[in-house]
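In case you want the letters, here they are:
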Amino acid sequence: MPPQAQQVLDTLNATIPLEGYLVVGAIMFAIGAWGALVRRNAVVVFMCIELMLNAVNLSLVAFADYLPDASGAGAGYAVLVIAVAAAEVAVGLAVVLAVYRTRKTVNVDEVNLMKG
Amino acid sequence: MIVAFIFLAAMTLILALGVVLSRNVVHSALLMSGSFLGIAGFFVMLNAPVLAAFQVLIYVGAVTVVILFGIMFTQRPQVRGFRTIINRQIWPGLAVAIGVGAFLAYVLSIQDWTGTVPNNGPRETGTLGEILLGVNGAPPIFGLLFEVISVLLLVAMVAAIVISRRKTGEGVDRQEVE
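Computed from a predicted structure; not experimentally measured.

What counts as what
Starting from 1, residues in each chain are numbered consecutively following that chain's sequence as written. Whichever chain is written first is A, and whichever ligand is written first is 1; the rest continue in order. Totals for whole chains, interfaces and linings use all residues, but because this is a predicted model, local features are given only for residues with pLDDT of at least 70 and pairs of side-chain atoms are given and counted only at 80 or more. Only DSSP runs of H or I covering at least 4 residues are called helices, and only runs of E covering at least 2 are called strands; the numbering of each starts at the N terminus. All radius of gyration figures rest on C-alpha atoms, and the globule criterion is 2.2 Å times the number of residues raised to 0.38. Residues are called buried when their C-beta atom has 20 or more other C-beta atoms within 10 Å, exposed when it has 12 or fewer, and partly exposed otherwise; all C-beta atoms are positioned from the backbone. Residues are scored as being in contact if the C-beta atoms we place from backbone atoms lie within 7 Å. Charged residues are taken to be Asp, Glu, Lys and Arg, nonpolar residues to be Ala, Val, Leu, Ile, Met, Phe, Trp, Tyr, Cys and Pro, and polar residues to be all remaining types, Gly included. An expected span of 1.5 Å times one less than the residue number is assigned to each helix. Where each domain starts and ends follows an automatic or database-derived domain assignment. Among buried residues, those of type Ala, Val, Leu, Ile, Met, Phe, Trp, Tyr and Cys that are joined through C-beta atoms within 7 Å form a set called a nonpolar core. Helix axes are fitted to C-alpha atoms over the stretch in contact, other axes to C-alpha atoms as well, and angles between N-to-C directions run from 0 to 180 degrees. The cut-offs work like this: below 35 degrees is roughly parallel, past 145 is roughly antiparallel, 65 to 115 is roughly perpendicular, and the gaps in between are oblique.

Secondary structure assignment for chain A yields four helices and zero strands. Walking chain A from its N terminus toward its C terminus, one meets helices and strands in the order α-α-α-α. The C-alpha radius of gyration computed for chain A amounts to 21 Å, which surpasses the reference 13 Å derived for 116 residues by more than 25%, pointing to a less compact arrangement than a globule. Overall size of chain A, expressed as C-alpha extent along the three principal axes, is 70 × 30 × 25 Å.

In structure tokens:
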């Protein structure tokens, strides 16, 4: 095998540094935060919150896999985050349904009963 | 490794952007499930196949279906104009999001992560179970957290039923309105 091909193979097989996963998680968190801030539809706001929770999960699992002293605790926290997210989406959609029944809209900027 | 990483990162981030920018709510939900699939691929790369299975079962399966049910109950399927899906804070919101993302990425990447190597995670299902129950050297607080999270899930499900239940004589169906 020529040395150039070996070099290319080594580059392809190199381990990803921890920063790679963390930066992907940070960008995904930012995208979710943007969506939660600018979208009007309450259901889409929930989807964006799920995106943010998933970004945090990715960071937790990356830390659990890369840090030797973490002893895998991040994976346990990721399971807890998944359970909390499931509870959140169930209660949140129930609230959206109740709001839709009384106000006939799910746009978050039209539900302004408590606005001063 | 690097090819899989770039593919998964592009898939996750592009589909996540699609969730925010899609004009159709159903498309948003489907793009979100694709983004979650990308995260499941990351979990496989990070030696957590059990979490990848959880991710596919719970997020790609259950959460997407629940959100699609929510869409079914609350919207009429129609493509809206771009101005009507975004509220007035689009540019301040974009500035805040870019600020948050740049700050997080900067803080996380200036740290000295040399010496961290992969393959420390709980690859075996049994190891993850021991961590979740706080036995065999795992932090013992996890036993308490596990119980609390179970009670929280039960309370949340009961609350979801109570909140979304129709009381007699209150509210009307869409069909009755039309």
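On we go.
On a plain count of helices and strands, chain B comes out with eight helices and zero strands. Mapped from its N terminus to its C terminus, chain B presents α and β elements in the order α-α-α-α-α-α-α-α. Computed over the C-alpha atoms, the radius of gyration of chain B is 21 Å, more than 25% above the 16 Å expected from 2.2 N^0.38 for a compact globule of 178 residues. If one aligns the C-alpha atoms of chain B with their principal axes, the spans along those axes are about 65 × 40 × 25 Å. Taking all 178 residues of chain B together, 28% fall into the buried category.

Let's shift gears to the interface of chain B and chain A. With 76 residues of chain B at the interface, the matching set in chain A holds 72 residues. Looking at the side of chain B that touches chain A, the elements with two or more residues in it are helix H1 (2-21), helix H2 (25-45), helix H3 (49-74), helix H5 (90-110), helix H6 (125-133) and helix H7 (141-164) of chain B. Here the residues of the side of chain B that touches chain A sort into 57 nonpolar, 19 polar and no charged.

So, about the environment of B:Ser164. All names here are of chain B. Positionally, Ser164 belongs in helix H7. Residue classification places Ser164 among the partly exposed residues on the basis of 18 C-beta atoms within 10 Å. Ser164 sits 67 residues away from Ala97 along the chain, and the two C-alpha atoms are 33 Å apart.

Let us look at helix H2 (residues 18-38) of chain A. Compared with the 30 Å implied by 1.5 Å per residue over 21 residues, the 31 Å span of H2(A) between its first and last C-alpha is a close match. Within H2(A), 17 of the 21 residues are buried, leaving the element largely enclosed by the surrounding structure.

All names here are of chain B. Domain boundaries in chain B define domain 1 (1-84) and domain 2 (121-168). Every contact between the two is made by four residues of domain 1 and, on the other side, four residues of domain 2. Per-class residue counts for the side of domain 1 that touches domain 2 are three nonpolar, one polar and no charged.

What follows concerns the nonpolar core. Counting 82 residues, the largest nonpolar core has A:Val43, A:Met47, A:Leu51, A:Val61, A:Ala62, B:Val19 and B:Phe43 as its most contacted members. Sorting the residues of this core by element identifies H2, helix H3 (42-66) and helix H4 (73-103) of chain A together with H1, H2, H3, H6 and H7 of chain B as the ones contributing at least two each. It is H3(A) that provides the largest number of residues to this core, a total of 17 residues. Both domain 1 (1-84) and domain 2 (121-168) of chain B contribute no fewer than three residues apiece to this core. With residues up to four places along the chain from it excluded, the contact list for B:Phe43 reads A:Val61, B:Ala48, B:Leu51, B:Ala52 and B:Gln55.

Our next topic: the packing of H2(B) against H3(B). Residues and elements named next belong to chain B. The contact between H2 and H3 brings their axes to 8 Å, and the two run at 175 degrees. Taken together, the axes of H2 and H3 lie roughly antiparallel to each other. Residue-level contacts link Val25, Val26, Ala29, Met32, Ser33, Phe36, Leu37, Ile39, Ala40, Phe43 and Val44 of H2 to Pro49, Leu51, Ala52, Gln55, Val56, Tyr59, Val60, Thr64, Ile67, Leu68 and Ile71 of H3. Tallied by class, residues from the contact of H2 with H3 come to 19 nonpolar, three polar and no charged.

Non-glycine residue A:Lys104 carries a positive phi angle of around 60 degrees. Tracing the backbone shows A:Lys104 in the segment after H4. One non-glycine residue with positive phi stands out, namely B:Asn47, at about 60 degrees. Tracing the backbone shows B:Asn47 in the loop between H2 and H3. C-beta crowding within 10 Å serves as the criterion here: with 20 such atoms nearby, B:Asn47 is assigned to the buried category.

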